[in-house]
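Chain by chain, the residues:
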Amino acid sequence: HKMPTPSHRHCPNHPKGGHGDCAGACGGDGIPVIDLGVLLNGNAEQRSQATRELGQACEDWGFFMVINHGVPEALQEEVMEACKELYSLPRDEKADYIAAGPKDPIRIGTGLFYSDVDDAICRRDYMKMIAHPEFHCPAKPAKLRDIAVEYSARTRQLLLELAKAISESLGLDRGRISEVLNLESCFQILVGNNYPPYAGSDGVMGISAHSDHGLLTLLFQNGVDGLQVMHNGQWVTAKPLPGSLFILTGDQLEIVSNGRYKAVLHRALVHGGQTRMSFVSLVGPCLDAVVEPVLELAQNDPQGMKFRGIRYRDYMEHQQSSKMNTKAALDIVRVQGDILTCESTPNSSTEADSSD
Ligand SMILES: O=C(O)CCC(=O)C(=O)O
Ligand SMILES: [Fe+2]
């Protein structure tokens, strides 16, 4: 059953029109803002209010900004700098990673392909490294390791705290999602995306519409906007509040919540004159966890169980091996006859392209 809808405060940034009301504070365009300081350290009443707002953000948007998150800005700068250095290494120092396949723990790639969902050429360079349960990191630049160890630990802790509050927002014990997904052994990947400037950016974009395969994704950027999230059928450009981090809901949250919290569809545009960079820290279930709707949620749902169980490792493999985009990967576990909208594009010619 649904929690009672909290009384909506009117969004001060949107006196009229647009997306109108939003729960709690909100940034431009009504994107919800979650104050982690209040969520973790507020008094009981403040915490339960913040938890309701978090649930509302997951349900209405699948996307929000966190403020007072405790990840030092200096550390974010260091991540950005180290990543730039990695990109600018001579090619032979990166050759092993460039040759790596989707199952390798460290991978550097250049994407240039046509996406027919967006009718655009997608142009993105990326660096991916698995950070948990085993930590992997390129040997150069030498400073990257310490920075990545700390950054991955801090963002993982933040995302796991959010997972507890999200669990509570679903009316479950705080530890329930963590328990069913074995988040102690969670999968975590860091991704640095680099989008070169593209003058006359008509028909060119950075990354085509997709949802992330994990549970929760944290993202920040180099001051150049371009991330868009789908909300109420419209693309909304995400403009971060100073000091905030973006959080996106992933496919595994949609599955465990039995469809109540949907994975957010998102994409990134390129900038005409500036390089855009984004940095992703994605947390998912333990690779061996069989992900399925939490039993209590399915039992309380008149439509019953909306997804079948699947091992996260298999889900990821499926998502990465098939030519698809948007949210087609979820269809493999969707229970037949379900009336949820399906946004799959079976004839798509794009590669699987989300943060893997
Ligand atoms: O660059 C962005 O803002 C989005 C990146 C993204 O969606 C991803 O890496 O999965
Ligand atoms: Fe993504």
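Residues numbered from 1 in each chain as written. Chains lettered and ligands numbered in written order. Predicted model: local features only at pLDDT ≥ 70, side-chain atom pairs only at ≥ 80, totals over all residues. Heavy atoms only, no water.

Some thoughts on unusual backbone geometry
Turning to step 1, where the next piece is worked out: Cis rather than trans, the peptide bond between His 132 and Pro 133 has omega equal to 5°.
Turning to step 2, where the next piece is worked out: Cis geometry is adopted by the peptide bond preceding Pro 141, which originates at Lys 140 and carries an omega value of -5°.
Turning to step 3, where the next piece is worked out: With respect to the helices, strands and loops of the structure, Pro 141 is situated in the loop between strand E4 (120–132) and helix H5 (144–169).
Turning to step 4, where the next piece is worked out: In the Ramachandran plot, Asn 68 falls in the positive-phi region, its phi being about 50° despite a non-glycine side chain.
Turning to step 5, where the next piece is worked out: Of note, Asn 68 is situated in the loop between strand E2 (63–67) and helix H3 (73–87).
Turning to step 6, where the next piece is worked out: Its relative accessible area of 52% is what places Asn 68 among the exposed residues.
Turning to step 7, where the next piece is worked out: A positive phi angle, close to 50°, is found at Asn 182, a residue other than glycine. (Helix = DSSP H or I, 4+ residues; strand = E, 2+ residues; numbered from the N terminus. Buried < 20%, exposed > 50% of the residue type's maximum accessible area, 1.4 Å probe, protein only.)

A word on the pairing of strand E3 (residues 106–115)
Turning to step 1, where the next piece is worked out: Of all the ten residues making up E3, seven are buried; the element is thus mostly covered by neighbouring parts of the structure.
Turning to step 2, where the next piece is worked out: One ladder, built from ten bridges, connects E3 with E4; its direction is antiparallel. Each bridged residue has a counterpart across the sheet, and for Thr 110 the counterpart in E4 is Asp 125.
Turning to step 3, where the next piece is worked out: Remark: four residues form the turn of the hairpin made by E3 and E4, two consecutive strands paired antiparallel; Asp 119 in that turn has positive phi of roughly 45°. (Pairing = 2+ DSSP bridges.)

Focus: the packing of aromatic side chains
Turning to step 1, where the next piece is worked out: Counting across every chain of the model gives four aromatic pairs.
Turning to step 2, where the next piece is worked out: Between the aromatic rings of Phe 220 and Phe 279, the centroid separation amounts to 5.0 Å while the plane-to-plane angle is 25°, which identifies the pairing as stacked. Here Phe 220, found in strand E8 (residues 216–221), pairs with Phe 279, found in strand E13 (residues 276–284); they are 59 residues apart in sequence, far enough to count as distant.
Turning to step 3, where the next piece is worked out: Judged by relative accessible area, which is 4%, Phe 220 ranks as buried.
Turning to step 4, where the next piece is worked out: By relative accessible area, which is 3% here, Phe 279 ends up buried. (Phe/Tyr/Trp six-rings, centres within 6.5 Å; stacked < 30°, edge-to-face > 60°.)

Describing helix H2 (residues 44–60)
Turning to step 1, where the next piece is worked out: Compared with an ideal rise of 1.5 Å per residue, which puts 17 residues at 24 Å, H2 spans 24 Å between its outermost C-alpha atoms and is within 8% of the ideal.
Turning to step 2, where the next piece is worked out: Taken residue by residue, H2 has Ala 50, Thr 51, Glu 53, Leu 54, Gly 55, Gln 56, Ala 57 and Cys 58 as its buried positions.
Turning to step 3, where the next piece is worked out: Buried residues belonging to H2 abut strand E1 (33–35), helix H1 (36–41), E2, H5 and strand E11 (245–249).
Turning to step 4, where the next piece is worked out: Downstream of H2 by a residue or two, Gly 62 has a phi angle that is positive, lying close to 70°. (Expected span 1.5 Å × (residues − 1). Contact = heavy atoms within 4.5 Å.)

Considering the coordination of the iron ion (ligand 2)
Turning to step 1, where the next piece is worked out: The protein atoms that coordinate the iron ion (ligand 2) are His 210 (NE2), Asp 212 (OD) and His 266 (NE2), at distances of 2.1 to 2.2 Å.
Turning to step 2, where the next piece is worked out: Each donor residue of the iron ion (ligand 2) lies on one chain, and together they are spaced H-x1-D-x53-H. On the criterion of sequence distance, the pair formed by His 210 in strand E7 (residues 207–210) and His 266 in strand E12 (residues 266–268) is long-range, its members being 56 residues apart.
Turning to step 3, where the next piece is worked out: The class of His 210 is buried, set by a relative accessible area of 6%. (Donors = N, O, S within 2.8 Å, 3.2 Å for Na, K, Ca; no water.)

Concerning the pattern of salt bridges
Turning to step 1, where the next piece is worked out: All told, the structure shown has 17 salt bridges when counted by the stated rule.
Turning to step 2, where the next piece is worked out: Residue Glu 168 pairs with Arg 174 through a salt bridge whose shortest N-O separation is 2.8 Å.
Turning to step 3, where the next piece is worked out: A relative accessible area of 33% places Glu 168 in the partly exposed class.
Turning to step 4, where the next piece is worked out: Here Arg 334 and Asp 331 are joined by a salt bridge, their closest N and O atoms 3.0 Å apart.
Turning to step 5, where the next piece is worked out: Relative accessible area serves as the criterion here: at 10%, Arg 334 is assigned to the buried category.
Turning to step 6, where the next piece is worked out: Here the salt bridges share partners, and the residues they tie into one network are Glu 161, Lys 164, Glu 168 and Arg 174. (Salt bridge = Lys/Arg side-chain N within 4 Å of Asp/Glu carboxyl O.)

Re the pairing of E8
Turning to step 1, where the next piece is worked out: Across the six residues of E8, six count as buried, placing the element largely inside the fold.
Turning to step 2, where the next piece is worked out: Where burial is concerned, the two faces of E8 agree: the one with Leu 216, Leu 218 and Phe 220 and the one with Thr 217, Leu 219 and Gln 221 are both buried.
Turning to step 3, where the next piece is worked out: Pairing of E8 with E13, which is carried by six bridges, proceeds in the antiparallel orientation. Each bridged residue has a counterpart across the sheet, and for Gln 221 the counterpart in E13 is Ser 278.

Quick notes on a nonpolar patch on the surface
Turning to step 1, where the next piece is worked out: Together, Leu 112, Tyr 114 and Ile 121 give the surface a local cluster of nonpolar side chains, amounting to about 280 Å² of exposed area.
Turning to step 2, where the next piece is worked out: Relative to the helices and strands, Ile 121 resides in strand E4.
Turning to step 3, where the next piece is worked out: Ile 121 sits in the partly exposed class, given a relative accessible area of 33%. (Patch = residues over 30% accessible without salt bridge, like charges linked within 9 Å, V, L, I, M, F, W, Y side chains within 5 Å. Areas by Shrake-Rupley, 256 points an atom, 1.4 Å probe, with all protein chains shown as cover.)

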